[in-house]
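A structural walkthrough
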Amino acid sequence: MIIIKNLFRIILILILFTIIAQSKESNKIIRNEWVISLEQYFLNLGNIEGSFTQIDEIGNITKGIFYSNGNGSLRFEYLSPSEMLIVLNNGIFAIKEREDSKINYYSLEDSPLSKLLSKDLSLESFHVNGLEIQGRIATLELRTKKNSERNSIFISADYPQPILRQWKIIDAQKKETTIFFSKIRTINPLLDNFFEIK
């Protein structure tokens, strides 16, 4: 019985040390110079447009143009043959699959995009699960829940000077969507109604 109790104590101590080590590693990543630069990059993007290529969980590829007002709103216009339009605004994900179809609305409450698009963005509001640097590209994994891959995002950007190149989102159903970004440029301020679907 004493042996079992001692073994249980040792296991608890090992678990505690593991949790402390993971916490220290997470704090170390958040304080990483590149991660701090990435956060500032997002905060300073302002009004932009660019091209995107999207690959969904079954390998379908679509392309289009995206816009951001730098205040938490995004608009994705898909190129032909797709007629899809997606707008993320005020915590709502709105999608219109065809010109003549109805608009479907979804909450972004549990999505990593909700925090990422926040006007008060702080990467410390995420659970940082890892930072990988390969050559001139760095990838940061952020989760909304520490021990769950659901509702997580992998952000890839240039290293050492961050420029967004890609993000991969794993949603609540564990479906993966990857978007590649290119030709990002600053544009004139966009009107608020540009981020509405009618």
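Every chain begins its residue count from 1, and numbering advances along the sequence as written. At least 70 in pLDDT is required for a residue's local features to be given in this predicted model, at least 80 for side-chain atom pairs to be given and counted, and no such filter applies to totals for whole chains, interfaces and linings, which use all residues. The basis for every side-chain value is the complete set of non-hydrogen atoms in the structure, without hydrogens or water.

1. Description of the nonpolar core
Heads up, the rule is: Take the buried Ala, Val, Leu, Ile, Met, Phe, Trp, Tyr and Cys residues and link them wherever side-chain atoms come within 4.5 Å; each set so joined is a nonpolar core. A simple rule labels every residue: compare its accessible area, found with a 1.4 Å probe on the protein chains alone, to the largest value its type can have, and call it buried under 20%, exposed over 50%, or partly exposed in between. Every helix listed is a DSSP run of H or I at least four residues long, and every strand listed is a run of E at least two residues long, numbered separately from the N terminus.
Phe42, Phe76, Leu116 and Trp167 are the most contacted members of the largest nonpolar core, which totals 35 residues. If you tally residues by element for this core, the top one is helix α2 (residues 33-43), at five residues. Among the nonpolar cores identified, the runner-up in size contains seven residues, and Leu85, Ala94, Phe195 and Ile197 belong to it.

2. Digging into the sheet that holds strand β6 (residues 104-107)
Quick reminder of the rule: Strand pairing is defined by DSSP finding a minimum of two bridges between the two strands. Lines fitted to C-alpha atoms define the axes here, with helix axes fitted over just the stretch in contact, and angles between the N-to-C directions of these axes take values from 0 to 180 degrees.
As summarised here, the arrangement of the eleven strands in space is β6-β5-β4-β3-β2-β1-β11-β10-β9-β8-β7, forming an open sheet in which the pairing is antiparallel. Pairing within the sheet leaves two strands with one partner each, and these edge strands are β6 and β7 (127-134). Going across the sheet, the axis of each strand differs from the next one's by a mean of 20 degrees, ignoring polarity. Relative to strand β9 (residues 152-158), strand β8 (residues 137-143) runs antiparallel, the two sharing seven bridges. Pairing of Glu141 across the sheet is with Phe154, part of β9.

3. Things to note about the packing of aromatic side chains
To keep it simple, the criterion reads: Any pair of Phe, Tyr and Trp rings, taking the six-membered ring for Trp, is counted once the centres come within 6.5 Å. Such a pair is stacked with planes under 30 degrees apart, edge-to-face with planes over 60 apart, and tilted for the rest. Lysine NZ or arginine CZ positioned within 6 Å of the ring centre and within 35 degrees of the ring normal marks a charge as sitting over the ring.
Scanning the entire structure with this criterion turns up nine aromatic pairs. Ring centres 5.1 Å apart and planes at 75 degrees place the aromatic pair Phe66 and Phe181 in the edge-to-face group. Within this pair, whereas Phe66 is found in strand β2 (residues 61-68), its partner Phe181 is found in strand β11 (residues 176-186), the two being separated by 115 residues in sequence. Like Phe66, the residue Phe181 is buried in the burial classification. On the numbers, 5.0 Å between centres and 85 degrees between planes, the contact of Tyr67 with Phe194 is edge-to-face. Of this pair, Tyr67 sits in strand β2 while Phe194 is found in the segment after β11, placing the two residues 127 residues apart along the sequence. Under the relative-accessibility criterion, Tyr67 is labelled buried at 14%. Residue class for Phe194 comes out partly exposed when judged on its relative accessible area of 23%. The lysine or arginine in question, Lys168, covers the ring of Phe154, its NZ or CZ lying 4.6 Å from the ring centre.

4. Quick look at the pairing of β9
Within a regular strand, the side chains alternate between the two sheet faces. Burial analysis of β9 places six of its seven residues in the buried class, which makes it a mostly covered element. Between β9 and strand β10 (residues 164-170), which follow one another and run antiparallel, lie five residues.

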